[in-house]
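# Structural characterization, general
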Amino acid sequence: MKWGLKPAWQALRREWMLYHMGDQRFRFMFDAPPENEWVSVDCETTGLNVGRDEIISIGAVRIVGDRILTSQRLELLVKPSKGVSADSIRVHRLREQDVAQGLEPDEAIKQLLHFIGSRPLVGYYLEFDVAMLNKVIFPILGMGLPQPKFEISAMYFEYKNRRLAPHMQSVTNIDLRFATLMDDLGLPLRDAHDAVNDAVMAAMAFTKLRHLNRLA
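Let us look at the structure shown here. Here the structure is a predicted model, which is why all the values come from computation and not from measurement. Each chain carries its own residue numbering, running from 1 in the direction its sequence is written. Per-residue local features of the predicted model are confined to residues with pLDDT of at least 70, and side-chain atom pairs are confined, for both listing and counting, to 80 or more; whole-chain, interface and lining totals are unaffected and use all residues. Side-chain calculation: all heavy atoms of the structure are included, whereas hydrogens and water are not.

### Quick word on the packing of aromatic side chains
Put simply, the test is: Only Phe, Tyr and Trp rings are paired, with Trp represented by its six-membered ring, and only when their centres lie within 6.5 Å; those with planes under 30 degrees apart are stacked, over 60 edge-to-face, the remainder tilted. Burial classification: accessible surface area is computed with a 1.4 Å probe over protein chains only, and a residue below 20% of its type maximum counts as buried, one above 50% as exposed, and the rest as partly exposed. Secondary structure elements are defined from DSSP: runs of H or I of at least 4 residues count as helices, runs of E of at least 2 residues count as strands, and each element is numbered from the N terminus. Cation placement over rings: the criterion is NZ of Lys or CZ of Arg within 6 Å of the ring centroid and within 35° of the ring normal.
Under the criterion given, the structure shown has six aromatic pairs. On the numbers, 5.7 Å between centres and 50 degrees between planes, the contact of Phe 26 with Phe 28 is tilted. This pair shows no difference in class: Phe 26 is buried, exactly as Phe 28 is. Here the aromatic rings of Tyr 156 and Tyr 159 are separated by 6.3 Å at their centres, their planes lie at 45 degrees, and the arrangement is tilted. Here Tyr 156 and its partner Tyr 159 are both found in helix H6 (residues 152-162), three residues apart, which amounts to about one turn of the helix. Owing to a relative accessible area of 2%, Tyr 156 belongs among the buried residues under this scheme. Tyr 159 sits in the buried class, given a relative accessible area of 11%. Its end group placed over the ring of Phe 115, Arg 62 keeps NZ or CZ at 4.2 Å from the ring centre.

### Looking at helix H4 (residues 105-116)
Here is the rule we go by: Helix span is expected to be 1.5 Å times the residue number reduced by one. Read the arc as the range of directions from the helix axis to the C-beta atoms. It only takes one pair of heavy atoms within 4.5 Å for two residues to be counted as in contact.
Taking 1.5 Å of rise per residue, the twelve residues of H4 would be expected to cover 16 Å, and the 16 Å separating its terminal C-alpha atoms lies within 8% of that figure. Taken as a whole, H4 has its buried residues at Ala 108, Ile 109, Leu 112, Leu 113, Phe 115 and Ile 116. The buried residues of H4 occupy one face: seen down the axis, they fall within an arc of 160 degrees. Where H4 is buried, its residues meet strand S1 (37-45), strand S2 (55-64), strand S3 (67-77), strand S4 (121-123) and helix H5 (126-141).

### Remarks on the layout of surface pockets
Keep this limit in mind: Only protein atoms enter the 1 Å grid used here, on which a cavity is any set of points holding a 1.4 Å probe that cannot leave and a pocket is any open set flanked by protein within 12 Å on both sides along at least five of seven lines; residues with an atom within 4 Å of a point are listed as lining. Grid points are joined across faces, edges and corners, and a volume is the space filled by probe spheres set on the points. Each residue gets one of three labels, nonpolar for Ala, Val, Leu, Ile, Met, Phe, Trp, Tyr, Cys and Pro, charged for Asp, Glu, Lys and Arg, and polar for the others, Gly among them.
Considering only enclosed or pocket space, the largest pocket measures out at about 580 Å³ in volume. Lining the largest pocket are 26 residues, and of these Cys 43, Glu 44, Leu 48, His 193 and Asp 198 lie nearest its centre. If you list the elements that add at least two residues to the lining of the largest pocket, you get S1, helix H2 (86-92), H5, helix H7 (178-184) and helix H8 (195-215). By residue number, the principal contributor to the lining of the largest pocket is S1, which donates five residues. For the lining of the largest pocket, the per-class residue count stands at 13 nonpolar, eight polar and five charged.

### Let's talk about unusual backbone geometry
Residues other than glycine predominantly adopt negative phi, and peptide bonds predominantly adopt the trans conformation. A positive phi angle, close to 55 degrees, is found at Asn 36, a residue other than glycine. As for its placement among the helices and strands, Asn 36 is situated in the loop between helix H1 (2-20) and S1. If you check the backbone angles, Tyr 125 has positive phi at about 50 degrees while not being a glycine. By the element assignment, Tyr 125 lies in the loop between S4 and H5. By relative accessible area, which is 43% here, Tyr 125 ends up partly exposed.

### Structural notes on the sheet that holds strand S5 (residues 149-151)
Spelled out, the test is: Two strands qualify as a pair provided DSSP detects at least 2 bridges between them. Working convention: axes come from line fits to C-alpha atoms, limited for helices to the stretch in contact. Angles between N-to-C directions cover 0 to 180 degrees.
Taking strand neighbours across the sheet as the criterion, the five strands line up as S3-S2-S1-S4-S5 in an open arrangement whose pairing is mixed. One side of each edge strand has no neighbouring strand; the edge strands of this open sheet are S3 and S5. Strand-to-strand twist of the sheet, defined as the mean angle between neighbouring strand axes without regard to direction, takes the value 25 degrees. Across seven bridges, S2 lies against S3 in antiparallel orientation. Across the sheet, the residue bridging to Ile 63 is Ile 68, located in S3. Against the sheet, H4 contacts S1, S2, S3 and S4, and its axis sits at roughly 10 degrees relative to S2. Each of S1, S2, S4 and S5 touches H5; the most contacted strand, S1, lies at about 75 degrees to it.

Everything listed is a geometric property; what it means functionally is a separate question.
Here you go:
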């Protein structure tokens, strides 16, 4: 009896969210996702303060099974409402003149939502990117991104932790830095702080960790 409640509750929640969705043209986000498909997503921003900073680029790539479809990537520049600081330029190398002709945030988000569809999301420290995206999405939909989310650092932590002896699992610090985990997994590093490159690297890590954790 208890097992039957979960699908019923999920269906009820889905209907409630669809009813309260601001723009009904995005109902497809609640469709059943294509089997064995995900979208890896990354944002570059003017800073790390979710309340104050803005998105200036979005990169996303589809994953189908073990294939990363770089030919079907999404790469968008987004025009911020304020200037781009020197500190952020040093990180992502996007200058104010580079993003001046970018898309308005709501148009960029609509393109991203169509690209994602109902697919689950993948990313490295995805919580920050989702929070930045949801700032723009909430006025459009009245809600944030509803898709399931797969965090690369959490998947890597699980993989490394399961390889430790039980008495070491609570006392061993696991290095979750992106360069460290990519090197440990034997995966190539692209130039970091480029939204598409970061999305592709997260997709590579997800694909490998999905199999490692399944086999662990």
